[in-house]
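Structure at a glance
Now for the letters of each chain:
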Amino acid sequence: MIKCCLLILLLGTFPLCVLGGEDSSSVADTSAIRTLSGLPAQLFQGMPAGNEVIPPFHADYESRAVALTNEARMKKGLPALRWDADLANIARYHAADMFVNDYFGHHTFDRVNGKLIKRGDAFARIHRFAPNARSENIYRGQGGPEDAVDAWINSRPHRKNLLSKDVHLIGIGYCNGYWVQVFGMQARQ
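Report on the accompanying structure. (Residues numbered from 1 in each chain as written. Predicted model: local features only at pLDDT ≥ 70, side-chain atom pairs only at ≥ 80, totals over all residues. Heavy atoms only, no water.)

It is worth spelling out the packing of aromatic side chains at this point. Ring pairs (aromatic) are described by centroid distance and by the angle formed between their planes. Applying the stated criterion across every chain yields a total of eight aromatic pairs. Ring centres 5.2 Å apart and planes at 40° place the aromatic pair phenylalanine 44 and tyrosine 93 in the tilted group. In this pair, phenylalanine 44 is assigned in the loop between strand E2 (16–19) and helix H1 (59–75) and tyrosine 93 in helix H2 (residues 85–101), connecting sequence segments 49 residues apart. Looking at phenylalanine 44, the relative accessible area reads 0%, which means it is buried. Geometrically, the ring pair formed by phenylalanine 99 and tyrosine 178 is edge-to-face, given 6.4 Å between the ring centres and 70° between the ring planes. In this pair, phenylalanine 99 sits in helix H2 while tyrosine 178 sits in strand E8 (residues 178–184), placing the two residues 79 residues apart along the sequence. Just as phenylalanine 99 is buried, tyrosine 178 falls in that class too. Within the aromatic cluster, the residues linked to one another by ring pairs are Phe44, Tyr93 and Phe129. (Phe/Tyr/Trp six-rings, centres within 6.5 Å; stacked < 30°, edge-to-face > 60°. Helix = DSSP H or I, 4+ residues; strand = E, 2+ residues; numbered from the N terminus. Buried < 20%, exposed > 50% of the residue type's maximum accessible area, 1.4 Å probe, protein only.)

This part covers the environment of valine 100. With respect to the helices, strands and loops of the structure, valine 100 is situated in helix H2. Separated by 66 residues in the primary sequence, valine 100 and arginine 34 have C-alpha atoms spaced 4.5 Å apart.

A few words on the pattern of salt bridges. Applying the stated criterion across every chain, the model contains six salt bridges. Across the salt bridge formed by arginine 64 and glutamate 71, the nearest N and O atoms sit 3.8 Å from each other. Assessed through its relative accessible area of 34%, arginine 64 is described here as partly exposed. For arginine 119, the salt bridge is made with aspartate 110, and the minimal N-O distance between the two is 2.8 Å. Under the relative-accessibility criterion, aspartate 110 is labelled buried at 2%. Salt bridges here are not isolated pairs; linked through shared partners, they connect Arg64, Glu71 and Glu146. (Salt bridge = Lys/Arg side-chain N within 4 Å of Asp/Glu carboxyl O.)

Below, the discussion takes up the pairing of strand E6 (residues 133–140). Counting buried residues in E6 gives seven out of eight residues, a clear majority hidden from the surface. Pairing analysis gives seven bridges linking E6 to E8, with the strands arranged antiparallel. Of the residues in E8, the one forming a bridge with asparagine 137 is glutamine 181. (Pairing = 2+ DSSP bridges.)

Of all hydrophobic cores here, the largest spans 26 residues; its most connected members are Leu36, Phe44, Leu87, Ile90, Met98, Val180 and Val182. Taken together, the elements giving at least two residues each to this core come down to H2, helix H3 (122–129), E6, strand E7 (169–175) and E8. With nine residues, the top contributor of residues to this core is H2. When neighbours within four sequence positions are excluded, isoleucine 90 is seen to be in contact with Arg125, Ile126, Phe129, Ala130 and Val182. Counting 19 residues, the second largest nonpolar core, distinct from the first, contains Leu68, Ala148, Ala151 and Phe183. (Core = buried A, V, L, I, M, F, W, Y, C linked by side-chain atoms within 4.5 Å. Contact = heavy atoms within 4.5 Å.)

Three or more residues of H3 are buried, namely Ala122, Arg125, Ile126 and Phe129. Here the buried residues of H3 occupy an arc of 90° about the axis, which is enough to place them on one side. A side-chain oxygen of the first residue of H3 lies 3.3 Å from the backbone nitrogen of phenylalanine 123; this N-cap is aspartate 121. (Arc of directions from axis to C-beta. Polar contact = N/O pair within 3.5 Å; in protein donor to acceptor, adjacent residues only side chain to side chain.)

Shown next, in the form of structure tokens:
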């Protein structure tokens, strides 16, 4: 099953759009929290502090997704986005958090006794890592980078984030079928 979701952060508002699937409230109720090799499950409980460092789970996938995103932008006459380590860290954290706690959505949830408990909103999570973040796309599916970027490009709201002339930076995270793209503006000098 392929699922996409979009987040736009503008002036403190963040409309959400779930496309092709259900939101986190309809995820199957399982009590087991998934684990990731080398990362403690406690890292993904509660709201992140913003200083967590999440290594890439599949750096080749992330690089390819950036290249595909930039190819789509260049076809529309837009400049390529530059990789940003802080935005990538946000994206990796959220992809891993969704995997570990078995949900799909922009807000931060924990799985407690088999139930999802909302711990914070997307705006708060994202800006703990990087205040220059502007928007977020998420995707869940079994395919590779081509599938994720194609899904975003073929969805009007996701494409709008991806092709925005107001963003200059990108970070992408992938974790076991969960994809996150975070777009940012250049930091003001």
